[in-house]
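Chain residues, written in single-letter form:
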Amino acid sequence: MEQKRVLLCLAHMSGNEMQYIQEAFDTNWVVPLGPNVNAFERDLEAMVGHDKRVVALASGTAAIHLALVNLGIKRGDEVIVQSMTFSASANPVVYQGATPVFVDSEPVTWNMDPELLEHAIKDRIAKTGRKPRAIIPVYLYGMPAMIDDIMEVARRYDIPVVEDSAEGFGSRYRDQVVGTFGDYGIMSFNGNKMITTSGGGALICPDEETARRTMFYATQAREPFPYYLHREIGYNYRMSNICAGIGRGQMTVLDEHLAHHRHLCDLYVDDLRDVDAITVHVNPDERFDSNYWLNTILIDPSTGVTPEQARQYLDAHGIESRALWNPMHCQPVFASAPAYVNGVSERLFATGLCLPSGPCVSDDDAHRIAALLRDLVSK
Ligand SMILES: *Cc1c(COP(=O)(O)O)cnc(C)c1O
C-alpha cells in the first residue's frame, strides 16, 4: 500500500484563513496595507505583550534587515551573529555593508554561548578599537537561548540585541515570549515556520517611534509630502493584505499548532527513552519553554551511524528529515568573517538530525519514525 510521504514541517491551513482572504478580495484590499495587515499586527502585539509594537513585513529576513537599518548599522561596522543558524540571520549584516562576527553555541540550548560572546566582544575591541554594533542571538529550532546571560553581557557593553526568533514563534523563557528581551525581535511566517502567511515576517519594535520608522523604511522611505520626496534609501518590505489574511487565520489555530509540536516531542522522547545512542533535544529546565518547531536528535557517533545515513534510511521509508544547520563559520561565503568557535556547533552538525514536526505529522508517523531510528542504531 502506498503511504503518504511524511514531511519535515509543512504549513497547514486549518483556521478561517479563507474568510479573511475573501474579505480582502470583496473589499478590493489587495495591496501591501489594509484591514488584515492592521488586525494581524494587533493580534501579534497581543501575543507578545510588554507594550511592544509589531510591524508586519514581507519576510523574516526583511525584519532583520530593517532592525539593522533602524540601529544605523553601516559599512565598516561589525555585528555579532550566532554561528549555528540559518544564513538569513547573517545575510542582512552584509546587505548593510557590515561584517558578521560569528560566535559559537553552548551545548545546553545550542544557542549563543554568553561567555564566548563576552570573549568575542573584548577581542573585537582589542583588535579593532571599536565595539560590535549589535548582537544577533537565535532561538534555534524554537529552543530559547540563555537570554538572561546574553542580555547581561549586552547591557554591560551597551550593545543592542536583535533576537532572531524566526524559529521560536510562541516559545517562552521565564514565561516571557522570546523576541521581547532585546531591542528588536524577529518573526518569520515562511511556509515552513510555526505559522505561515505563505511568505512573510514581522519586526517586534520597542516603541511607537521605532515602529513608525520601520514602516517608513518598509514603504520606500517616502517622506510625507503630496509629491514623491526622498531623503533616505528605502525598501519595499510591507506585507500584502492577502498574506496578512492568512496570518490572521493561522493565529486562531496557533495554540493547537503549539500543542501538537510539543505533543510530538513527548512521543519522540517516550519512544526513544531507552535508546541510549539517541538523545532528543528538550527543554533543559523549567525556565525554558520551546515551541519544538523542529524536533531534533543527536546520534551517538560510536554507533557509526551518521546523520546522512539516518536521513537516507528515513527517506527510503517515505520520511523527510534534515541535518542540523551547518554553522555559518563553516560556510564558504563567510570564510573571511571573524569567528569565535568552541567546537559545539560543528559537533552538532556532525551528529544531529531534524525530525518531522508539523501539524501534518500524526501520532502513528511519530511512532513509526522512532521505531525506524531505534532499528537503525541497534543494527
Ligand atoms: C526562517 C529563518 C529566517 C528568515 O525568515 P524568512 O521569513 O524565511 O525570511 C531567519 N532566521 C532564521 C533562524 C530562520 O530559521
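Small disclaimer: the values here were computed from a predicted structure and weren't measured. (Residues numbered from 1 in each chain as written. Predicted model: local features only at pLDDT ≥ 70, side-chain atom pairs only at ≥ 80, totals over all residues. Heavy atoms only, no water.)

J.: Just checking my understanding: could you explain the overall build of the chain for this structure?
T.: Per the secondary structure count, the chain includes 12 helices and 15 strands. For the chain, whose C-alpha radius of gyration is 21 Å, the value lies close to the compact-globule estimate of 21 Å for 379 residues. Across its three principal directions, the C-alpha atoms of the chain cover 70 × 60 × 35 Å. Here the chain, with 379 residues, has 57% of them falling under the buried criterion. If you take every contact in the chain between residues at least 6 apart in sequence, the share linking residues at least 24 apart comes to 73%. Accessible surface computed for the chain: about 15900 Å², of which carbon and sulfur atoms make up 52%. Averaged over its 33 positive side-chain charges, the chain has a centre that lies 7 Å from the centre of its 49 negative ones. (Helix = DSSP H or I, 4+ residues; strand = E, 2+ residues; numbered from the N terminus. Rg over C-alpha atoms; globule rule 2.2 N^0.38 Å. Buried < 20%, exposed > 50% of the residue type's maximum accessible area, 1.4 Å probe, protein only. Contact = heavy atoms within 4.5 Å. Areas by Shrake-Rupley, 256 points an atom, 1.4 Å probe, with all protein chains shown as cover. Lys, Arg positive; Asp, Glu negative; His and termini not counted. Charge placed at Lys NZ, Arg CZ, Asp CG, Glu CD.)

J.: In this structure, what is going on with the packing of aromatic side chains? I would like to understand it.
T.: The geometry of an aromatic ring pair is captured by the separation of the ring centres together with the interplanar angle, meaning the angle of the planes. Throughout the structure, instances matching the rule amount to 11 aromatic pairs. Measuring from centroid to centroid gives 5.2 Å for Phe 102 and Phe 334, while their planes differ by 65 degrees, and the two rings are edge-to-face. Placement of Phe 102 in strand 3 (residues 99-103) and of Phe 334 in the loop between strand 13 (322-323) and strand 14 (339-340) is noted, with a sequence separation of 232 residues between them. Ring centres of Phe 225 and Tyr 227 lie 5.6 Å apart, and the angle between their planes is 40 degrees; on these two criteria the pair is classed as tilted. For Phe 225, a relative accessible area of 38% corresponds to the partly exposed category. (Phe/Tyr/Trp six-rings, centres within 6.5 Å; stacked < 30°, edge-to-face > 60°.)

J.: Help me understand the nonpolar core, please; the structure alone is not making it clear to me.
T.: Soluble globular proteins: nonpolar side chains tend toward being buried together. Grouped together as the largest cluster of nonpolar side chains are 36 residues, with contacts concentrated most on Leu 44, Tyr 141, Phe 169, Met 187 and Phe 189. Among the elements of the structure, helix 2 (35-48), strand 1 (53-57), strand 9 (201-205), helix 8 (241-251), helix 9 (254-272) and helix 11 (344-351) are those that each provide at least two residues to this core. Taken domain by domain, the makeup of this core includes at least three residues from each of domain 1 (17-251) and domain 2 (254-377). In contact with Phe 169, not counting residues within four places along its chain, are Leu 44, Met 47, Met 187, Phe 189, Met 194, Ile 195, Met 251, Leu 254, Leu 258 and Asn 291. Listed in part, the 35 residues of the second largest apolar core include Ile 64, Ile 136, Met 328 and Ala 337. (Core = buried A, V, L, I, M, F, W, Y, C linked by side-chain atoms within 4.5 Å. Domains from an automatic or database assignment.)

J.: So what exactly am I meant to see when it comes to the packing of helix 2 against helix 8 here?
T.: Helix packing for two helices is described by the angle between their axes and how far apart those axes are. Across the interface, helix 2 lies against helix 8 with an axial gap of 8 Å and an inter-helix angle of 35 degrees. Regarding helix 2 and helix 8, the two cross each other, and that crossing is left-handed. Residues Pro 35, Asn 36, Val 37, Ala 39, Phe 40, Asp 43, Leu 44 and Met 47 of helix 2 pack against Asn 241, Ala 244, Gly 245, Gly 247, Arg 248 and Met 251 of helix 8. Here the residues of the contact of helix 2 with helix 8 sort into eight nonpolar, four polar and two charged. (Axes fitted to C-alpha atoms, helices over the stretch in contact; angles between N-to-C directions. Left-handed = near helix turned anticlockwise from the far one by under 90°. Nonpolar A, V, L, I, M, F, W, Y, C, P; charged D, E, K, R; others polar.)

J.: Would you take a moment to explain the side chain of Glu 163 for this structure?
T.: Residue position: Glu 163 is located in strand 5 (residues 162-163). Summary of buried charges: Glu 163 has no salt-bridge partner, and the nearest side chain of opposite charge, Lys 52, is 6.2 Å away. Here the side chain of Glu 163 touches Phe 181 through a polar contact of 2.7 Å, landing on its backbone nitrogen. Residue contacts for Glu 163: discarding those within four places in its chain leaves Pro 137, Tyr 139, Ile 147, Val 178, Gly 179, Thr 180, Phe 181, Gly 182, Tyr 184, Gly 185 and Ile 186. (Salt bridge = Lys/Arg side-chain N within 4 Å of Asp/Glu carboxyl O. Polar contact = N/O pair within 3.5 Å; in protein donor to acceptor, adjacent residues only side chain to side chain.)

J.: Explain the domain arrangement of the chain to me, please; I cannot follow it from the model alone.
T.: In many analyses, interface size is given as the accessible surface area lost on bringing the parts together. Examined at the domain level, the chain breaks down into domain 1 (17-251) and domain 2 (254-377). A straight line from the C-alpha centre of domain 1 to that of domain 2 covers 25 Å. If you look at the interface, domain 1 gives 49 residues, while domain 2 gives 38 residues. Contact between domain 1 and domain 2 buries roughly 3700 Å² in total, counting both sides, with carbon and sulfur atoms accounting for 65%. Ranking the residues of domain 1 by area buried against domain 2 places Trp 110, Tyr 141 and Met 194 at the top, with a combined share of 23%. Counting across the interface, domain 1 meets domain 2 through 24 residue pairs in polar contact (both at pLDDT 80 or more). Counting residues per element, the ones that place at least two in the side of domain 1 that touches domain 2 are helix 4 (91-95), strand 3, helix 5 (114-128), strand 6 (172-173) and helix 8. (Buried area = accessible area lost by both parts, 1.4 Å probe.)

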